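These are the residues of each chain, in order.
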Amino acid sequence: MGRTLTFNIFRYNPSDPASAPHMDKFTLDETERMTLFIALNRIREELDPTLMFDFCCRAGICGACAMVINGRPGLACHTKTKEMPDEITLMPLPVFKLVGDLSVDTGVWFRTMYQKIESWVHTDKKFDPTAQEERMDNGLAEQIYELDRCIECGCCVGACGTALMREDFLGAVALNRLARFILDPRDQRTEKDYFDVVGTDEGIFGCMGLLACEDVCPKQIPLQEQLGKLRRKMALAAVKNILPKFLKKDF
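None of the values given here were measured: they were computed from a predicted structure. (Residues numbered from 1 in each chain as written. Predicted model: local features only at pLDDT ≥ 70, side-chain atom pairs only at ≥ 80, totals over all residues. Heavy atoms only, no water.)

Observations regarding empty space enclosed by the protein
By the definition in use, this model includes two cavities of 30 Å³ or more. Each pocket or cavity is described by its volume, and for the largest cavity that value is around 130 Å³. Around the largest cavity, the lining is made up of 16 residues, and of these Cys 160, Cys 207, Leu 210, Leu 211 and Cys 213 lie nearest the centre. Those elements giving two or more residues to the lining of the largest cavity turn out to be helix 5 (161-165), helix 6 (171-183) and helix 8 (212-216). Element by element, the count of residues in the lining of the largest cavity is highest for helix 6, at three residues. For the lining of the largest cavity, a count of residues per class yields 12 nonpolar, four polar and no charged. (1 Å grid on protein atoms, 1.4 Å probe; cavity = no way out; pocket = protein on both sides within 12 Å on 5 of 7 lines; lining within 4 Å. Points joined across faces, edges and corners; volume = space filled by probe spheres on them. Helix = DSSP H or I, 4+ residues; strand = E, 2+ residues; numbered from the N terminus. Nonpolar A, V, L, I, M, F, W, Y, C, P; charged D, E, K, R; others polar.)

Comments concerning helix 7 (residues 191-198)
Residues of helix 7 that are buried: Tyr 194, Phe 195 and Val 198. Buried residues of helix 7, viewed axially, fall in a sector of 105°; they line one side. (Buried < 20%, exposed > 50% of the residue type's maximum accessible area, 1.4 Å probe, protein only. Arc of directions from axis to C-beta.)

Observations regarding the pairing of strand 3 (residues 66-69)
The side-chain alternation of strand 3 yields two buried faces, one formed by Ala 66 and Val 68 and the other by Met 67 and Ile 69. Bridge analysis of strand 3 against strand 4 (residues 72-75) gives four bridges, and the strand direction is antiparallel. Of the residues in strand 4, the one forming a bridge with Ala 66 is Leu 75. In textbook terms, the turn of a hairpin is the stretch between consecutive antiparallel strands, and for strand 3 and strand 4 this stretch comprises two residues, one of which, Asn 70, has a positive phi near 50°. Summarising the sheet, strand 3 and strand 5 (residues 87-91) pair through two bridges and their orientation is antiparallel. Looking across to strand 5, one finds that Ile 69 is bridged to Leu 90. (Pairing = 2+ DSSP bridges.)

Notes on the packing of helix 3 (residues 138-148) against helix 6
For the pair helix 3 and helix 6, the least separation of the axes is 9 Å and the interaxial angle reads 165°. Judged by the inter-axis angle, helix 3 sits roughly antiparallel to helix 6. Pair helix 3 / helix 6 crosses with left-handed handedness. In contact with Leu 140, Gln 143, Ile 144, Leu 147 and Asp 148 of helix 3, helix 6 contributes Asn 176, Arg 177, Ala 179, Arg 180 and Leu 183. Here the residues of the contact of helix 3 with helix 6 sort into five nonpolar, two polar and three charged. (Axes fitted to C-alpha atoms, helices over the stretch in contact; angles between N-to-C directions. Parallel < 35°, antiparallel > 145°, perpendicular 65-115°, else oblique. Left-handed = near helix turned anticlockwise from the far one by under 90°. Contact = heavy atoms within 4.5 Å.)

Here's the deal with the side chain of Asn 8
Looking at where Asn 8 falls in the secondary structure, it is placed in strand 1 (residues 4-11). Of the polar contacts made by the side chain of Asn 8, one reaches the side chain of Glu 87; its length is 2.7 Å. (Polar contact = N/O pair within 3.5 Å; in protein donor to acceptor, adjacent residues only side chain to side chain.)

A look at the nonpolar core
Phe 7, Ile 9, Leu 40, Leu 75, Leu 90 and Met 113 are the most contacted members of the largest nonpolar core, which has 66 residues in total. Both domain 1 (4-104) and domain 2 (107-247) contribute no fewer than three residues apiece to this core. Leu 40 has contacts with Ile 9, Leu 51, Phe 53, Met 67, Ala 76, Leu 90 and Leu 102, leaving out every residue within four places of it along the chain. (Core = buried A, V, L, I, M, F, W, Y, C linked by side-chain atoms within 4.5 Å. Domains from an automatic or database assignment.)

Concerning the domain arrangement of the protein
The assigned domain composition of the protein is domain 1 (4-104) and domain 2 (107-247). For domain 1 and domain 2, the distance between their C-alpha centres works out to 31 Å. Opposite the 13 residues of domain 1 that make contact, domain 2 presents 15 residues. The largest contributions to the domain 1 side of the interface with domain 2 come from Pro 73, Val 95 and Phe 96, which together make up 44% of the buried area. (Buried area = accessible area lost by both parts, 1.4 Å probe.)

Some details on unusual backbone geometry
Excluding glycine, residues mostly have negative phi values, and the peptide bonds linking residues are mostly trans. Within the chain, Arg 33 stands out as a residue other than glycine whose phi angle is a positive 60°. Relative to the helices and strands, Arg 33 resides in the loop between strand 2 (22-29) and helix 1 (36-47). Since its relative accessible area comes to 67%, Arg 33 is described here as exposed. Despite not being glycine, Asp 101 has its phi angle at roughly 55°, a positive value. Topologically, Asp 101 is positioned in the loop between strand 6 (97-100) and strand 7 (103-105). Note on Asp 101: relative accessible area 3%, which makes it buried.

Dropping the structure here:
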């Protein structure tokens, strides 16, 4: 006989003046191969049709179902209930604007972030639709692809100590995104250009190195490695920018 699971779920609709933040308790009989995504759908279909949460692909590709699961950000569709205790607490991701219950608006945050770091290939070349694609070394292409696997779920942001304290912090997802363009030979930005974007405490120097971002990343992107490389690169760029000005001073 399967277990009976208890779900403590955060409830609040900010668009309803009569709504107040609180926790609701639901119970379900566990079924074989049940995930939190399946459980949430059963709760909405069988117990409370007003429950709000996000989903799309059910396969860990869209990142829409990210939430805080027993204190740890993760994807509902990837979390099997058999790996969880009898009582499960679900909260919305912090940092992002709350839509209602477990649903948050990650789109506005990501769009603003991508505009800040200018998340596109910078080149003065004119696009020729008839020309062949530019060739790239396979090894380099694989390195870029490794960083491009981010599904923008927001788990790393929700787990980030700095992001929880500072609204202006770019977060690991932005720094990883910029690292992807640094690798891309088609991007013509200079080291100084990159430094101007992330060489501040809003960027790489605001990272406290707790690395919760890598711990919770559902795609297991090597964020620790990328943040370390970016920190060294931006520190060197800072020295290059400051040293000439320092040497020109009269003492």
